[in-house]
There are 2 protein chains.
Amino acid sequence: MARRPAFFISDRTGLTSESMGEALLDQFEGISFKRATYPFVDTPEKAQALVHIINNAAEQSGQRPLVFTSIIDEKIREIVKTSAGMHLSFFDAFLNKIECELGISARHKAGRNHGIADTERYDARMEAVNFSLNHDDGISGKDLKDADVILMGVSRSGKTPTCLYLALQYGIRAANYPLTPDDLESTDLPRMVKAYKNKLFGLTIQPERLQAIRQERRPDSNYSQINTCRREVSDAQAIFRRHNIPFTNTTDKSVEELAVNIMQMCKLKRRF
Amino acid sequence: MARRPAFFISDRTGLTSESMGEALLDQFEGISFKRATYPFVDTPEKAQALVHIINNAAEQSGQRPLVFTSIIDEKIREIVKTSAGMHLSFFDAFLNKIECELGISARHKAGRNHGIADTERYDARMEAVNFSLNHDDGISGKDLKDADVILMGVSRSGKTPTCLYLALQYGIRAANYPLTPDDLESTDLPRMVKAYKNKLFGLTIQPERLQAIRQERRPDSNYSQINTCRREVSDAQAIFRRHNIPFTNTTDKSVEELAVNIMQMCKLKRRF
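Residue indices follow the written sequence of each chain, beginning from 1 at its first position. The naming scheme follows written order: chains are lettered A onward, ligands numbered 1 onward. pLDDT decides what is reported in this predicted model: residues at 70 or higher carry local features, side-chain atom pairs at 80 or more are listed and counted, and totals for whole chains, interfaces and linings draw on all residues regardless. Note that water and hydrogens are dropped before the side-chain values are worked out from all heavy atoms of the structure.

A.B. asks: What am I meant to see in helix 1 (residues 15-25) of chain B here?
C.D. replies: Each α-helix turn comprises 3.6 residues. Residues three or four places apart therefore point the same way. Among the 11 residues that make up helix 1 of chain B, 10 are buried, leaving the element largely enclosed by the rest of the structure. Relative accessible area decides the class of each residue, using a 1.4 Å probe on protein chains only: under 20% of the type maximum gives buried, over 50% gives exposed, and in between gives partly exposed. In this description a helix means any DSSP run of H or I spanning at least four residues, a strand means any run of E spanning at least two, and both kinds are numbered starting from the N terminus. Considered for burial, the residues of helix 1 of chain B that qualify are L15, T16, S17, E18, M20, G21, E22, A23, L24 and L25 of chain B.

In structure tokens form, the structure reads like this:
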């Protein structure tokens, strides 16, 4: 059977309609969807063109498309809703309810979240991304006092993507420090991070998963031996426990989950 | 007057309830909200504790809190809904409608999008982040043939955060190349990227904004003079036009918008 079409449509980036739609589709097992995202649908002409695309998809698949929309402009929204799809409109579902509750009208046009530059937010992110890049992989101990958090873990335990996500999503200044074989043998904390014990957060990982990741990078090396992975992970955890460093296991977590976990456990506040 | 409390609650990361809630709150000018995010509310005990927190906020502020929830588990959701807040439940609004349309029941428990590891997705992101880091700021021309896109622009035009966002959000392998004074004076494309003309995408920026950013980095240098910024931006745009390289202005765009713009203009497909 043809896959059922699913559209994610927005007059801005489409990120909200995508994450909303994906969370919902994810609740239906055994159904295969054919996804298409249409961002920046912000003129009646683009909306009209899209109606044709949706109607064509309906005809070709023989199935009614699911159409997830996050369109602020009511005029545009109404045009899209003339299509043959089933419309799940984010603003229709909630905006009116909130207007009633607050007793005022919504502005019904793009605001801060939807495009107009927010210089302060941009600067905070740039600052945080630069900080993370300058303090990736223990490159430099300089200015570590300005870090919001310092992630610590063995090589390939997921430190870098997590730091970058924290920087981009929350403006958090996240440094990271890789535990070297020397560090792992020592009972003391690595010299570079010792003065910042209260900012440290540990990442651990299942040795089997670590091996798979390392094997991709350096096949059949000592580095990617399961015994090496097991020993390193166990030594790292011993360090976290000995020095009372909070830590989490990255194995079954997405970058988003790790970031939110760390924000919560370290009581970090977003910087914008 | 006390600010009106707004809660973003989820049994997973809270990213969906936050972006949904923020998009809605953004529609109401002149009202000041006191925001609080509660991720990982996944037990009846945590839900019950939260009901008290919401009720306290209602009492202290003298205003009914807005409660945006993205909670898959119905039991947990029902507990949260006993609070004194106004409940805007993402799954209540849409899940039942989709069930009717599809003629099957939702699983009503966390799936792929909500936590259980998706190794393939994680690997694609790691790969892309590593690629972007290895090809940041023209560090290396090695493997540029594997790039999905190569961003080009003057120093501080926003290349790095955009590349990293493309990598984390879409698994896109985005390299970037800074246009040096030598490049800007040449009529030819820079040697490192010349062979990959079809992957190039230009970033430009308002000279005044560029100056403000550069002034933060190196105050009162030649680099941050308005004339330097004007000349570099104008030379960069001339290069983009001469070689038919698509480009966009970063000045009024968020990292998200830039990324979606580039995906669209370069017809890139997410890698997971």
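Past the structure itself, the notes keep going.
A.B. asks: Is there a simple way to explain helix 11 (residues 255-265) of chain B in this structure?
C.D. replies: Residues and elements named next belong to chain B. With nine of 11 residues buried, helix 11 is to be regarded as a mostly interior element. V255, E256, E257, L258, A259, V260, N261, I262 and M263 are the residues of helix 11 that are buried. Of the residues flanking the end of helix 11, it is K267, one or two places downstream, whose phi is positive at about 50°.

A.B. asks: What's the story with the packing of helix 1 (residues 15-25) of chain A against helix 1 of chain B in this structure? I'm lost.
C.D. replies: The relative placement of two packed helices comes down to the angle between their axes together with the axis-to-axis distance. Axes, fitted as lines to C-alpha atoms, cover a helix only where it is in contact. Angles between the N-to-C directions of the axes lie from 0 to 180 degrees. Contact geometry for helix 1 of chain A and helix 1 of chain B: axes closest at 10 Å, N-to-C directions at 140°. The angle between helix 1 of chain A and helix 1 of chain B falls in the class oblique. Between helix 1 of chain A and helix 1 of chain B lies a crossing of left-handed hand. Residue-level contacts link T16, S19 and M20 of chain A of helix 1 of chain A to T16, S19 and M20 of chain B of helix 1 of chain B. Only Asp, Glu, Lys and Arg are considered charged, only Ala, Val, Leu, Ile, Met, Phe, Trp, Tyr, Cys and Pro nonpolar, and every remaining residue, Gly among them, polar. Split by residue class, the contact of helix 1 of chain A with helix 1 of chain B holds two nonpolar, four polar and no charged. Just so you know how the angles are binned, under 35 degrees is roughly parallel, over 145 roughly antiparallel, 65 to 115 roughly perpendicular, and the rest oblique. With the far helix as reference, a near helix turned anticlockwise by less than a right angle produces a left-handed crossing, and one turned clockwise produces a right-handed crossing. Residues are treated as being in contact if the distance between any of their heavy atoms lies within 4.5 Å.

A.B. asks: Would you explain the sheet that holds strand 8 (residues 247-249) of chain A in this entry?
C.D. replies: The strands making up a sheet are joined through hydrogen bonds of the backbone, oriented either antiparallel or parallel. All names here are of chain A. In space, the four strands of this open sheet follow the order 6-5-7-8, with parallel pairing throughout. The sheet terminates laterally at strand 6 (174-178) and strand 8, the two strands that pair on one side only. Mean inter-strand twist for the sheet, computed between neighbouring axes without regard to direction, equals 25°. At least two bridges found by DSSP between two strands are what make those strands a pair. Pairing of strand 5 (residues 149-153) with strand 6, which is carried by five bridges, proceeds in the parallel orientation. The partner of M152 across the bridge, within strand 6, is Y177. Taken strand by strand, helix 11 (residues 255-265) contacts strand 5, strand 7 (200-204) and strand 8, and its axis lies near 145° from that of strand 7.

A.B. asks: Teacher, can you tell me more about the sheet that holds strand 3 (residues 66-70) of chain A here?
C.D. replies: Residue and element names in this part refer to chain A. With respect to topology, four strands assemble into an open sheet ordered 2-1-3-4, the strand pairing being parallel. Each edge of the open sheet carries a strand with a single partner, namely strand 2 (33-38) and strand 4 (86-89). Pairwise comparison of adjacent strand axes, ignoring direction, gives a mean angle of 20° for this sheet. In this sheet, strand 3 lies alongside strand 1 (residues 4-10) in parallel orientation, the contact comprising five bridges. Within strand 3, the residue paired with A6 across the bridge is L66.

A.B. asks: Would you mind going over empty space enclosed by the protein with me for this structure?
C.D. replies: If a probe as big as a water molecule is rolled over the atoms, it shows which places are left empty. Every definition here rests on a 1 Å grid over the protein atoms only: cavities are sets of points where a 1.4 Å probe fits but cannot get out, pockets are open sets enclosed by protein on both sides within 12 Å along at least five of seven lines, and lining residues have some atom within 4 Å of a point. Grid points are joined across faces, edges and corners, and a volume is the space filled by probe spheres set on the points. Across all of its chains, the model carries three cavities of 30 Å³ or more by this definition. Of the volumes computed, that of the largest cavity is approximately 60 Å³. Of all elements in the fold, only helix 6 (159-170) of chain A together with helix 6 (159-170) of chain B reach the threshold of two or more residues within the lining of the largest cavity. Split into classes, the residues belonging to the lining of the largest cavity amount to four nonpolar, two polar and two charged.

A.B. asks: Mind showing me how you'd approach the layout of surface pockets here?
C.D. replies: Within this model, the second largest pocket holds a volume of roughly 860 Å³. Contributions of two or more residues to the lining of the second largest pocket are made by helix 5 (119-134) and helix 6 of chain A together with helix 5 (119-134), helix 6, strand 6 (174-178), helix 7 (181-185) and helix 9 (207-217) of chain B. Residue composition of the lining of the second largest pocket, by class: 15 nonpolar, 14 polar and 13 charged.

A.B. asks: I tried to follow the relation of the copies chain B and chain A on my own but got confused; where do I start?
C.D. replies: Mapping between the two copies of the chain is achieved by a rotation about an axis and a shift along the axis. Here chain B sits on chain A after a turn of 180° about the axis and a move of 0.0 Å along it, with an RMSD of 0.1 Å. Expressed as a symmetry operation, the mapping of one chain copy onto the other fits a two-fold axis. Rotation axis and chain B: the residue whose C-alpha lies nearest the axis is A93 of chain B, separated from it by 3.4 Å. When the copies are overlaid, the least-squares fit takes in C-alpha atoms only where the residue has pLDDT of at least 70 in both copies.

A.B. asks: Explanation requested: the domain arrangement of chain A in the structure shown.
C.D. replies: In many analyses, interface size is given as the accessible surface area lost on bringing the parts together. Here chain A is partitioned into domain 1 (4-102) and domain 2 (116-266). Domain limits in this description derive from either an automatic procedure or a database domain assignment. The gap between the C-alpha centroids of domain 1 of chain A and domain 2 of chain A is 38 Å.

A.B. asks: Explain the packing of helix 1 of chain A against helix 4 (residues 90-102) of chain B to me, please; I cannot follow it from the model alone.
C.D. replies: At their nearest, the axes of helix 1 of chain A and helix 4 of chain B sit 10 Å apart, and the two run at 55° to each other. By the criterion of interaxial angle, the relationship of helix 1 of chain A to helix 4 of chain B is oblique. The element helix 1 of chain A and its partner helix 4 of chain B pack so that their crossing is right-handed. Within the contact between the two elements, helix 1 of chain A uses M20, A23 and L24 of chain A and helix 4 of chain B uses F90, F91, F94, L95 and I98 of chain B. Partitioned by chemical class, the residues of the contact of helix 1 of chain A with helix 4 of chain B number eight nonpolar, no polar and no charged.

A.B. asks: Help me understand the UniProt feature "binding site: ADP" (unreviewed entry) in chain A in this model?
C.D. replies: Residue and element names in this part refer to chain A. In the numbering adopted here, UniProt assigns the feature "binding site: ADP" (unreviewed entry) to G153, V154, S155, R156, S157, G158, K159 and T160. Of the annotated set named above, S155, R156, S157, G158, K159 and T160 line the second largest pocket. When you line up the elements, V154 lands in the loop between strand 5 and helix 6. Under the relative-accessibility criterion, V154 is labelled buried at 2%. Among all residues touching V154, those that are not within four sequence positions of it are K159, L179, L184, L210, R214, E232, V233 and A236. Note on placement: R156 falls in the loop between strand 5 and helix 6. UniProt positions are given in the numbering used here, feature names are shortened, and annotations may be inferred rather than shown by experiment.

A.B. asks: I would appreciate a short explanation of the pairing of strand 5 of chain A in the present structure.
C.D. replies: Every regular strand shows the same layout, with side chains that alternate between the two sheet faces. Residue and element names in this part refer to chain A. Of all five residues in strand 5, five are buried, a share of seventy percent or more. Both faces of strand 5 are covered, namely the face carrying V149, L151 and G153 and the face carrying I150 and M152. In this fold, strand 5 hands off to helix 6, which returns the chain to strand 6; that crossover is right-handed. Note: strand 5 against strand 7, three bridges, orientation parallel. Bridge pairing links I150 to L200 in strand 7. With its strands directed away from the observer, a crossover is right-handed exactly when the path from the first strand over the helix to the second travels clockwise.

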